Amino acid sequence: MTIQELDTYYESLYKKFKSGNPDFELNHDRAHNTTIERFMLDNSLVINMYCGEMSVFRNNFYEYINKDNPSKSEESEKLGDILKKKLIESLERFIKKQDTQLCIFLEKFDESYFRDLIDRDIFTNGVHLGKIKFFKLDDELLLKKGLSHVSYTDSNIVRMEKNQSTHEATCAINTPMEIMDIWINSFNSIRSVAQPISYPN
């Protein structure tokens, strides 16, 4: 996997998005996962995200990308490092836009996640501005069983993960409202039982 291939993948997502027609793209690994997250940040104002450990926003995630995609030479920048920089830039732009909000609902939570964030300053600023919010689901909650990891945006982009280990997922673009309503209702159920997480200062 190369950054050129992933840039082409991003461009394909964007062209389909701008067409206004319902469409989808498949992805099968961490590198595509972070590319879709960047695409969502660049093309929406509101993102709701139900995930396991918010790995796409943590440094450890990009170390795995580096291991899976070794550089051809010692001098060349590693793929995971490039993708992390791109996501940080998109997240920073997202926070600077007006009326943005990123709500992250965690299937499970540990304080160590916050220590591993890709850019602590941006997250801290986002939390203080009320633009980033964290929630967790109780460990014993039956609702979690069989619940797919999914993200959706106010611009009708949906990413649904099929395999949590491989990060294989489908990204739906210009999703019809009758389908969006299903995800919105599902998230409302999650939100109703979620507990806010205090972000450490």
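Everything in this summary refers to the structure shown in the same document. Only a predicted model underlies this, so the values are computations on that prediction, with no experimental measurement involved.

Remarks on the overall build of the protein chain
Looking only at helices and strands, the protein chain features seven helices and eight strands. For a compact globule of 201 residues, the expected C-alpha radius of gyration is about 17 Å, and the protein chain comes in at 16 Å, within 12% of that figure. Dimensions of the protein chain, computed from C-alpha atoms along their principal axes, come out at roughly 50 × 40 × 35 Å. Carbon together with sulfur atoms contributes 48% to the accessible area of the protein chain, which is approximately 10400 Å² in total.

Notes on the packing of aromatic side chains
One pass over the structure, following the stated rule, counts 13 aromatic pairs. Through pairs of rings, three or more aromatic residues link up here, namely Phe57, Phe109, Tyr113, Phe114, Phe123, Phe134 and Tyr199. The ring centre of Tyr64 lies 4.5 Å from the NZ or CZ of Arg30, which sits over that ring. Geometry around Tyr64 places Lys67 over its ring, the cationic atom sitting 5.5 Å from the centre.

Some details on the environment of Ser148
Summarising the element assignment, Ser148 is placed in the loop between strand E4 (132-136) and strand E5 (150-153). Separated by 118 residues in sequence, Ser148 and Arg30 place their C-alpha atoms 17 Å apart. With sequence-adjacent residues up to four places away left out, Ser148 is seen in contact with Tyr50, Met160 and Glu161.

Re the packing of helix H1 (residues 3-19) against helix H2 (residues 30-42)
As a packed pair, H1 and H2 sit with axes 10 Å apart at the nearest point and diverge in direction by 40°. In this view, H1 runs oblique relative to H2, as classed from their interaxial angle. Handedness of the crossing formed by H1 with H2: right-handed. On H2, the residues touching Leu6, Asp7, Tyr9, Tyr10, Leu13, Tyr14 and Phe17 of H1 are Ala31, His32, Thr35, Ile36, Arg38, Phe39 and Asp42. Of the residues assigned to the contact of H1 with H2, the class counts are nine nonpolar, two polar and three charged.

A look at the pairing of strand E2 (residues 46-51)
In terms of residue burial, E2 counts as a mostly covered element, since five of its six residues are buried. Two elements, E2 and strand E3 (residues 101-106), share six bridges in a ladder whose sense is parallel. The partner of Met49 across the bridge, within E3, is Ile104. The sheet contact formed by E2 and E5 spans four bridges and is antiparallel. Paired with Tyr50 across the two strands is Val150, which belongs to E5.

Points about H2
Counted at 1.5 Å a residue, the expected span for H2 with its 13 residues is 18 Å, and the 18 Å between its end C-alpha atoms agrees. Of all the positions in H2, only Arg30, Ala31, His32, Asn33, Thr34, Thr35, Ile36, Glu37, Arg38, Phe39, Met40 and Leu41 are classed as buried. Two or three places before Ala31, at the start of H2, stands the capping residue Asp29, its side-chain oxygen 3.4 Å from that residue's backbone nitrogen.

Structural notes on unusual backbone geometry
Notably, Met54 is not glycine yet its phi reads approximately 45°, a positive angle. Take Met54: its relative accessible area is 0%, and that puts it in the buried class. For Asn156, which is not a glycine, the phi torsion comes out positive at approximately 65°. Secondary-structure assignment places Asn156 in the loop between E5 and strand E6 (158-163). A relative accessible area of 17% places Asn156 in the buried class.

Some words on the pattern of salt bridges
Summed over all chains, the structure comprises ten salt bridges. Here Arg30 makes a salt bridge to Asp68, at a shortest N to O gap of 3.4 Å. Remark: Asp68 occurs in helix H3 (residues 59-68) and Arg30 occurs in helix H2; sequence separation between them is 38 residues. Its salt-bridge partner being Lys85, residue Glu77 comes within 2.7 Å of it at the nearest N-O pair. For Lys85, a relative accessible area of 47% gives the class partly exposed. A cluster of three or more residues bridged by salt bridges with shared partners is formed by Glu53, Arg58, Lys108 and Asp116.

Cut-offs and rules
Residues numbered from 1 in each chain as written. Predicted model: local features only at pLDDT ≥ 70, side-chain atom pairs only at ≥ 80, totals over all residues. Heavy atoms only, no water. Helix = DSSP H or I, 4+ residues; strand = E, 2+ residues; numbered from the N terminus. Rg over C-alpha atoms; globule rule 2.2 N^0.38 Å. Areas by Shrake-Rupley, 256 points an atom, 1.4 Å probe, with all protein chains shown as cover. Phe/Tyr/Trp six-rings, centres within 6.5 Å; stacked < 30°, edge-to-face > 60°. Lys NZ or Arg CZ within 6 Å of the ring centre and 35° of its normal. Contact = heavy atoms within 4.5 Å. Axes fitted to C-alpha atoms, helices over the stretch in contact; angles between N-to-C directions. Parallel < 35°, antiparallel > 145°, perpendicular 65-115°, else oblique. Left-handed = near helix turned anticlockwise from the far one by under 90°. Nonpolar A, V, L, I, M, F, W, Y, C, P; charged D, E, K, R; others polar. Buried < 20%, exposed > 50% of the residue type's maximum accessible area, 1.4 Å probe, protein only. Pairing = 2+ DSSP bridges. Expected span 1.5 Å × (residues − 1). Polar contact = N/O pair within 3.5 Å; in protein donor to acceptor, adjacent residues only side chain to side chain. Salt bridge = Lys/Arg side-chain N within 4 Å of Asp/Glu carboxyl O.

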